[in-house]
Amino acid sequence: MIQSLLILGLVAIPFYELIIYLLIPDTIMPPFRDTRLTKEYISLGFALALGLWAFWKDGLKPVDNKWVFIFIGFSIINVTKMPNIDMPFLGMDISGFWLYKPWFIAIIYLFMLCAIAQSRLKTDLILKIIGYCGVGMAGYVMLQYFGLDQIFHRNSSPAVKSANLGGFLGQPTLVTPFLLMAIPFIKNYFLIALVVTSILMCGSDFGLVGLGICLLACLWKKFPKARIALVVVGTVSLLAVLFLMFHVKQNQTPRSYLMAFSDNGRLDVWKNIITDVHKGQHVGIPYKIGTTGAGLGSFEYLFPLMHDTKFINAHNEYLELLYNCGYVGLFIFLAAVVSFFDKVRKNINRNQVFRIGLSVFLILFCAAGSFILHLAVYQFYLVVLVGLIYQIKGERNV
């Protein structure tokens, strides 16, 4: 039952719009942002069902990563130590109303993680499904590229064609990590080429670098006797990618590229985050957030208000976590990540472990330049992949 729910969730969450379109033909979907909340409900529904089913059948056992539970415990301190900000609305103080949503979401996904970790699942089948989901997403990106989108009805402009390539996730920077994380689970070279082509069409800078890392890691694993040559080839390839990014794609020098990157506002947001955390002040409102943070989910509500900006996401998950949870919360999160990859390292010779570890790394890498961990698709997939690492230890032929 758990495996069936898991597979159904892996397909239904990213392809919700396609399923609705097939069930109700000629449905025109709203802009991508309007479907995020629906996907969030669907994802949490599957996660809760998985956790409750495992609890009912065998009881939940803790996953072998103490830092995950330490972070849950810290989140209680994080909420109680949130700065007291006067936010009146209709005669009521609504300060901190946003704190409880991310906390309950984390608890639900923790139930799901424990359920997966203690179950005996057909890991190879689940990874194959993830790979095929990546291929399906890549196929739809290519349809959008050629102006054949029948669900969102986007008309590609030659000047900004890549801006319309979002698959079922809305934007090139949001769909590219999904395509990247699926590559390690695809064994057919033609399908790999299809996914790689769709990534190149999207033109995401983080995606291009991530693609180089992914392909180099796969070659490193496949040809252990040629690893020195791969380092040389990888270095040359990285320089070639940087050349394409700066000169061919954007006709820019590295300096002008960084200036253009700064003009989109992200660097200003990142600098303001560092300033807020370091100095502990917001536009004349003195409160310290460096140690335990401004509170779970606070960035979306406090940062735009205090800095008069349109950015409700930091476009860097780690800096946003620093803002929300302070140095303590960021340390605990990174410790949990290190503990996970230490487990991967100890079993790196096992093919499935290597591929899952690479896929998780690609997600976390892309999270440094986007807000993908806010999206239900990546939350669900990440919990699945991490859970598989903690249950894979009991399998053979991996």
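What comes next is a walk through the structure. A quick note: this is a predicted structure, and the numbers were derived from the prediction, not measured. (Residues numbered from 1 in each chain as written. Predicted model: local features only at pLDDT ≥ 70, side-chain atom pairs only at ≥ 80, totals over all residues. Heavy atoms only, no water.)

1. Thoughts on the packing of helix H9 (residues 205-222) against helix H15 (residues 351-366)
Then step 1. Axis separation between H9 and H15 bottoms out at 10 Å; the angle between their running directions is 165°. Taken together, the axis directions place H9 and H15 in an arrangement best described as roughly antiparallel. For the element pair H9 and H15, the recorded crossing hand is right-handed. Along its contact with H9, which presents Phe-206, Val-209, Gly-210, Ile-213, Cys-214, Ala-217, Cys-218 and Lys-221, the element H15 presents Phe-354, Leu-358, Phe-361, Leu-362, Phe-365 and Cys-366. (Axes fitted to C-alpha atoms, helices over the stretch in contact; angles between N-to-C directions. Helix = DSSP H or I, 4+ residues; strand = E, 2+ residues; numbered from the N terminus. Parallel < 35°, antiparallel > 145°, perpendicular 65-115°, else oblique. Left-handed = near helix turned anticlockwise from the far one by under 90°. Contact = heavy atoms within 4.5 Å.)

2. Describing the packing of helix H14 (residues 317-346) against H15
Each pair of packed helices gets described by two things: the angle between the helix axes and the distance between those axes.
Then step 1. Running from N to C, H14 and H15 cross one another at 165°; their axes reach a closest spacing of 12 Å. Here H15 runs roughly antiparallel to H14, going by the angle between their axes. For the pair H14 and H15, the crossing hand works out as left-handed. Packed against H14, whose contacting residues are Tyr-318, Val-337, Phe-340, Phe-341 and Val-344, the element H15 presents Val-353, Gly-357, Val-360, Phe-361, Leu-364 and Phe-365 at the interface.
Then step 2. Looking at side-chain class alone, the contact of H14 with H15 contains 10 nonpolar, 1 polar and no charged residues. (Nonpolar A, V, L, I, M, F, W, Y, C, P; charged D, E, K, R; others polar.)

3. Some words on the side chain of Ser-204
Then step 1. With respect to the secondary-structure elements, Ser-204 resides in the loop between helix H8 (189-202) and H9.
Then step 2. Judged by relative accessible area, Ser-204 falls into the buried class, the value being 9%. (Buried < 20%, exposed > 50% of the residue type's maximum accessible area, 1.4 Å probe, protein only.)

4. Observations regarding the nonpolar core
Then step 1. One finds Leu-6, Met-112, Phe-178, Ile-356, Phe-380, Tyr-381 and Val-384 to be the most contacted residues of the largest nonpolar core, which totals 92 residues.
Then step 2. With 12 residues, helix H16 (residues 376-391) is the single largest residue contributor to this core.
Then step 3. In this structure Met-112 touches Leu-6, Ala-47, Leu-50, Gly-51, Phe-380, Val-383 and Val-384, once residues within four positions along its chain are discounted.
Then step 4. Phe-74, Trp-98, Ala-294 and Leu-330 belong to the second largest nonpolar core, which has 26 residues in total. (Core = buried A, V, L, I, M, F, W, Y, C linked by side-chain atoms within 4.5 Å.)

5. Details of the packing of aromatic side chains
Then step 1. Enumeration over the complete set of coordinates arrives at 18 aromatic pairs.
Then step 2. Between the aromatic rings of Trp-67 and Phe-331, the centroid separation amounts to 5.9 Å while the plane-to-plane angle is 90°, which identifies the pairing as edge-to-face. Of this pair, Trp-67 sits in helix H4 (residues 66-80) while Phe-331 sits in helix H14; the two residues are 264 residues apart in sequence, bridging distant segments of the chain.
Then step 3. Here Trp-67 falls in the partly exposed class, since its relative accessible area comes to 22%.
Then step 4. For the ring pair Phe-303 and Tyr-323, a centre distance of 5.9 Å and an interplane angle of 80° mean the geometry is edge-to-face. A residue pair is termed long-range when its members are at least 10 positions apart, and Phe-303 in helix H13 (residues 299-307) and Tyr-323 in helix H14 qualify at 20 residues. Across this residue pair, the class does not change: Phe-303 and Tyr-323 are buried.
Then step 5. Feature note: the residues Phe-15, Tyr-140 and Phe-168 constitute an aromatic cluster, connected by ring pairs. (Phe/Tyr/Trp six-rings, centres within 6.5 Å; stacked < 30°, edge-to-face > 60°.)

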